[in-house]
Amino acid sequence: MHGLMMDTPLLISWIARHAERNFPNREIVSITMDNPSHRYTIGECIQRARKLANALDRLGLSRGDRIATLAWNDYRHLEAYYAIGGAGYVCHTINPRLFPEQIVFIVNHAEDKWVMTDPLFVPLLEKIAGSTPNVAGYIVMTDDAHMPKTTLRNAISYEALIADESDSYDWPDFDEREAVALCYTSGTTGNPKGVLYSHRSQVLHAYGSAMADALGLSNRDTMLPVVPLFHVNAWGVPYAALMVGAKLVFPGPKMGDGETLYRLMEAEKVTIAAGVPTVWLGLLQYMDKAGKRLTTVERTVIGGAAVPESMIRAFRDKHDVVVMQGWGMTEMSPLGTVNSLKASQLDLSPDEIIKIRVKAGRGIFGVEMRIVDDEQNELPWDGDKAGALQVRGPWVCSDYFKLEGSAGSHTGDGWFETGDVAKIDPDGFLQITDRTKDVIKSGGEWISSIDVENVAVGHPAVAEAAVIGVAHPKWTERPLLVIVRKEGEDVSRDELLAWLDGKIASWWIPDDVVFVDDIPHTATGKIKKIELRKQFADYRLPTA
Ligand code: AMP
């Protein structure tokens, strides 16, 4: 027997309507290229999103068409999120730091119809426009006064596009399982893969992430997302924050600038921030040097990479800020775990609490986790046995875009293989111990070791190349290139680095090269990365 309850579709336009009705005066503050201090309200944001939705409808798009964004965190990007998704199109956020060839691949694979871009990325798009012929036009996220001269076809400024549009718009109703957003991840081997979020997954994720034991986000919070809007929807913050009516503060292109972040946090009375460890290292260093202390921030969510104990201690001891470590993935919208203490842990000593805080956290309702051995037997949550981590839940991807059934990313019984190796303790706290996937995470962003290896073995003197991540105090990990030279051939470290230059993104170039006689292999001939990582666990990079 079915229950007799309304089958109201979970659409992000509902979040927009709710936010506008209940929190119209809550502020959104942004730094943009054309305004260092833009300030308006949720009410104005949604009003402008409706104008943009009308403008997009006029472009002759069809339901489900992808509209790409290449932009930093600011209010126009937020408006784009709600206008594109709310109107029934798919907001495809692109990481502008990717190598141009990857952006070309992603735009073409996604079949983006229009691209919305910060003025900053116009030169990049001009360079690749010839290789992305299916893009009909470009919306430059600025006004006519700041519009750069451009050769991009059908380029128009955002403000000109929406200027004459009506601000009344009936958000369409449709199936909550329709796609709302698309984000490509390089956190897997091969080409970047598209994770296609649905309205339902994002609304549920917003509920889940706002819960008290997750981000604990409320109307009384002021949230500064330093995680980019182009990376997993800034961890879902744009949806969760408007759902509860939190004030939002966007640092625009100044995300990596400790001084700007500090100034924003103090001036806007930020209570919660979110970002990867590298960003916080910059902020902590700035505050140490300038003798500054955070006075309003209560907690900061740090994830995307393991959080060093020293960072948790610095925030706690110097700034009275609780670090809530989180673990998740692009494929998981991204939240899987958040580190919040259980009732039984509250009376532990500060040092015992730190031992818990260095773990990735415990699973929030909405994500089920299990760890398995090589034979797929489930392992106990004893804090000792480590296994491959698998997850499932309504905001975990069921496949990759246009790779349905062929990506090999899921188990036969429908769990998603995270590619992480982990232990789980009896309290449910997850500890990531290694990775089975062949990628390196530097400053919160992926470097494909295979791509670097492929270019390296192209050098005539190289017999075999392996790239592994090695600990780095600023970037968490940086690549180390391990080389076996061909017999009788010679090539130096600098020659190899010069060979890579220009063939891969500059930030993918390994920090060092080591020459070995032999690289360990599995029985099937694959490079044993786990063993290689162990072998170079104590390697000190010259940049460290
Ligand atoms: P992404 O899809 O780019 O968000 O990256 C997800 C991956 O980042 C995970 O599969 C982990 O390998 C890594 N990661 C995320 N959070 C953590 C964490 N708290 N500790 C260690 N690794 C993490």
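Remember, predicted model here, so these are calculated numbers, not experimental data.

## Side note on the pairing of strand β6 (residues 137–140)
In summary, the side chains of a regular strand alternate between the two faces of the sheet.
Link 1 in the chain: Judged by which residues are buried, β6 turns out to be covered on both faces: Gly137 and Ile139 on one side and Tyr138 and Val140 on the other are all buried.
Link 2 in the chain: Here strand β5 (residues 114–117) runs beside β6; their pairing, made up of four bridges, is parallel. The residue of β6 that forms the bridge with Thr117 is Val140.
Link 3 in the chain: Read from β5 through helix α5 (residues 122–128) to β6, the crossover connection turns out right-handed.

## Some points on the site of the ligand
Link 1 in the chain: Neighbouring the ligand are 16 residues, the closest being Thr330, Asp420, Lys437, Lys441 and Trp446.
Link 2 in the chain: Measuring from a nitrogen atom of the ligand, one finds a side-chain N or O atom of Gln325 at 3.0 Å.
Link 3 in the chain: Coverage of the ligand by the protein chains reaches 96% of its 500 Å² of free accessible surface.
Link 4 in the chain: Of all elements in the fold, only β14 (322–328) and β20 (429–435) reach the threshold of two or more residues within the shell around the ligand.
Link 5 in the chain: The biggest single contributor to the shell around the ligand is β14, with four residues.
Link 6 in the chain: Considered class by class, the residues forming the shell around the ligand number six nonpolar, six polar and four charged.

## Notes on the nonpolar core
Link 1 in the chain: Of all hydrophobic cores here, the largest spans 144 residues; its most connected members are Tyr82, Trp280 and Phe315.
Link 2 in the chain: Setting aside chain neighbours within four positions, we find Phe315 in contact with Trp280, Leu283, Leu284, Leu294, Thr300, Ile302, Asp320, Val321 and Val323.
Link 3 in the chain: Within the second largest apolar cluster, 20 residues are counted, among which are Ile440, Ala456, Leu496 and Ile504.

## Digging into the pattern of salt bridges
Link 1 in the chain: Applying the stated criterion to the full structure yields 40 salt bridges.
Link 2 in the chain: We note a salt bridge from Glu178 to Arg63, for which the minimum N-O separation is 3.7 Å. Of this pair, Glu178 sits in the loop between α6 (158–163) and β8 (179–185) while Arg63 sits in the loop between α2 (42–57) and β3 (66–70), and the two are 115 residues apart along the sequence.
Link 3 in the chain: Look at Glu178 and you get partly exposed, because its relative accessible area is 26%.
Link 4 in the chain: In this structure, the salt-bridge partner of Lys385 is Asp384, at a minimum N-O distance of 4.0 Å.

## Description of the sheet that holds strand β7 (residues 155–157)
Sheet strands line up and pair through hydrogen bonds in the backbone, either parallel or antiparallel.
Link 1 in the chain: The sheet built from seven strands is open, its strands ordered β7-β6-β5-β3-β4-β8-β9 with mixed pairing. Every other strand in the sheet has two partners, leaving β7 and β9 (193–198) as the edge strands with one partner each. On average, adjacent strands in this sheet sit at an angle of 25° to one another, irrespective of strand direction.
Link 2 in the chain: Looking at chain direction, β8 and β9 are connected through six bridges and run antiparallel.

## Side note on the packing of aromatic side chains
Link 1 in the chain: The final tally for this structure, using the stated rule, is 10 aromatic pairs.
Link 2 in the chain: Where Tyr40 meets Tyr75, the ring centres are 5.1 Å apart and the plane angle is 70°; that geometry is what we call edge-to-face. Remark: Tyr75 occurs in helix α3 (residues 75–86) and Tyr40 occurs in strand β2 (residues 35–41); sequence separation between them is 35 residues. Here Tyr40 matches Tyr75 in class, with each residue buried.

## What about the sheet that holds strand β23 (residues 462–472)?
Link 1 in the chain: Across the sheet, three strands lie side by side as β23-β24-β25; this open sheet has mixed pairing. Looking at which strands have only one partner, the edges of the open sheet turn out to be β23 and β25 (512–515). Averaged over all neighbouring strand pairs, the angle between strand axes comes to 30°, with direction disregarded.
Link 2 in the chain: Where strand β24 (residues 476–485) and β25 come together, four bridges link them in parallel fashion.

## Focus: the side chain of Thr93
Link 1 in the chain: You can see Thr93 is positioned in strand β4 (residues 90–93).
Link 2 in the chain: Given a relative accessible area of 2%, Thr93 falls into the buried group.
Link 3 in the chain: Excluding its chain neighbours within four sequence positions, the residues that come into contact with Thr93 are Thr69, His77, Tyr81, Leu182, Cys183, Leu229 and Phe230.

## A closer look at the domain arrangement of the protein chain
Link 1 in the chain: Segmenting the protein chain into domains produces domain 1 (12–255), domain 2 (257–326 + 335–436) and domain 3 (440–535).
Link 2 in the chain: Here the C-alpha centroids of domain 2 and domain 3 sit 28 Å apart.
Link 3 in the chain: Contacts between domain 2 and domain 3 engage eight residues on the former and 12 residues on the latter.
Link 4 in the chain: Buried area between domain 2 and domain 3, summed over both chains or domains, comes out near 820 Å², and the portion from carbon and sulfur atoms is 50%.
Link 5 in the chain: When residues of domain 2 are sorted by the area they lose upon contact with domain 3, Thr278, Asp434 and Arg435 head the list and together hold 58% of the total.
Link 6 in the chain: Viewed at the interface, domain 3 and domain 2 are joined by two salt bridges.
Link 7 in the chain: Note that Glu477 is salt-bridged to Arg435, the shortest N-O span being 3.3 Å.
Link 8 in the chain: Along the contact surface separating domain 2 from domain 3 lie five residue pairs in polar contact (both at pLDDT 80 or more).
Link 9 in the chain: Breaking the side of domain 2 that touches domain 3 down by element, the ones donating at least two residues are α11 (277–290) and β20.
Link 10 in the chain: Element by element, the count of residues in the side of domain 2 that touches domain 3 is highest for α11, at three residues.
Link 11 in the chain: Tallied by class, residues from the side of domain 2 that touches domain 3 come to four nonpolar, two polar and two charged.

Definitions and cut-offs
- Residues numbered from 1 in each chain as written.
- Predicted model: local features only at pLDDT ≥ 70, side-chain atom pairs only at ≥ 80, totals over all residues.
- Heavy atoms only, no water.
- Buried < 20%, exposed > 50% of the residue type's maximum accessible area, 1.4 Å probe, protein only.
- Helix = DSSP H or I, 4+ residues; strand = E, 2+ residues; numbered from the N terminus.
- Pairing = 2+ DSSP bridges.
- Right-handed = clockwise from strand over helix to strand, strands pointing away.
- Near = heavy atom within 4 Å.
- Polar contact = N/O pair within 3.5 Å; in protein donor to acceptor, adjacent residues only side chain to side chain.
- Areas by Shrake-Rupley, 256 points an atom, 1.4 Å probe, with all protein chains shown as cover.
- Nonpolar A, V, L, I, M, F, W, Y, C, P; charged D, E, K, R; others polar.
- Core = buried A, V, L, I, M, F, W, Y, C linked by side-chain atoms within 4.5 Å.
- Contact = heavy atoms within 4.5 Å.
- Salt bridge = Lys/Arg side-chain N within 4 Å of Asp/Glu carboxyl O.
- Axes fitted to C-alpha atoms, helices over the stretch in contact; angles between N-to-C directions.
- Phe/Tyr/Trp six-rings, centres within 6.5 Å; stacked < 30°, edge-to-face > 60°.
- Domains from an automatic or database assignment.
- Buried area = accessible area lost by both parts, 1.4 Å probe.

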